[in-house]
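# Structural characterization, general
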Amino acid sequence: MVEPKQASPGAKTRRPRTKISAALMEEEEGDLNKHWRKYFLAALAETSNVTAAAAIAGAHPSRAYKVRRLDPEFARKWQTALLEGYQNLELEVLHRLRFGEDKDGAVKFDNANALRLLGLHRENVARERAMRENEDVAVVRAAIDAKLEQLRRQVIARRSAETKDAADG
């Protein structure tokens, strides 16, 4: 058995970490304290930067990360905001690549990066199309349930016919 260490007489002792009190948790859950989330998500969509978005929202980045970890809905909105932010960034880059950048009075085009981004964009479009086709999960689930019900009735009918044939035979 291992004995706990004894603190020396002059040593400072660390206070044990405490969990967040119920009152603070209620405060976090209350509508008044959730306003920062709206500003954070809007800023995250604009900047694609968690630290900058937290500063704009008046919250510490660690708070945002903690809420994301604890609140699945906020985590989903966070991911949506990041996706929107990267789409905005891509549009800005595409604009510069399409219309060029003014360098010393001459418009310059970066064709290599333009072609690379078009290739990446093609993948994004395919991914979005696949997601949209799978959006209506309820319809897919209903079709599967209907097919299973049809198969169940066929099995019952076949068993019933087999039982009847066995009784008649």
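This section reports on the structure supplied with the text. (Residues numbered from 1 in each chain as written. Predicted model: local features only at pLDDT ≥ 70, side-chain atom pairs only at ≥ 80, totals over all residues. Heavy atoms only, no water.)

## As for the packing of aromatic side chains
To keep it simple, the criterion reads: Think of it this way: a Phe, Tyr or Trp ring, Trp meaning its six-membered ring, pairs with another when their centres are within 6.5 Å, and the plane angle makes it stacked under 30 degrees, edge-to-face over 60, tilted otherwise. Counting from the N terminus, the helices are the DSSP runs of H or I reaching at least four residues and the strands are the DSSP runs of E reaching at least two.
This model, assessed by the stated rule, comprises six aromatic pairs. On the numbers, 5.3 Å between centres and 45 degrees between planes, the contact of Tyr65 with Trp78 is tilted. Of this pair, Tyr65 sits in helix H4 (residues 61-70) while Trp78 sits in helix H5 (residues 72-99), and the two are 13 residues apart along the sequence. Joined through ring pairs, the aromatic side chains of Trp36, Phe40, Tyr65, Phe74 and Trp78 make up one cluster.

## Thoughts on helix H2 (residues 35-47)
What counts here: In this scheme, a helix's expected span is set at 1.5 Å multiplied by one less than its residue total. Think of it in three bands: with a 1.4 Å probe and only protein chains considered, a residue is buried below 20% of the maximum accessible area for its type, exposed above 50%, and partly exposed in between.
For H2, with 13 residues, the first-to-last C-alpha span of 19 Å sits near the 18 Å given by 1.5 Å per residue. Along H2, the residues classified as buried are Trp36, Arg37, Phe40, Leu41, Ala43, Leu44 and Ala45. Downstream of H2 by one or two residues, Ser48 has phi in the positive range, about 60 degrees.

## A word on the pattern of salt bridges
Opposite charge on two side chains allows them to pair when their charged atoms are near. Rule in force here: The rule for a salt bridge is simple: a side-chain nitrogen of Lys or Arg has to be within 4 Å of a carboxyl oxygen of Asp or Glu.
The final tally for this structure, using the stated rule, is four salt bridges. The shortest N-O distance in the salt bridge between Arg37 and Asp71 comes to 3.0 Å. With Arg37 in helix H2 and Asp71 in the loop between H4 and H5, the pair connects residues that are 34 residues apart, well separated along the chain. A salt bridge links Arg153 to Glu149; the nearest nitrogen and oxygen atoms lie 3.0 Å apart. Pair noted here: Arg153 and Glu149 are both in helix H7 (residues 137-168), with a separation of four residues, about one helical turn. Arg153 gets classed as exposed once you look at its relative accessible area, which sits at 56%. Here Glu149 falls in the partly exposed class, since its relative accessible area comes to 27%. Via salt bridges that share partners, Glu149, Arg152 and Arg153 belong to a single interconnected network.

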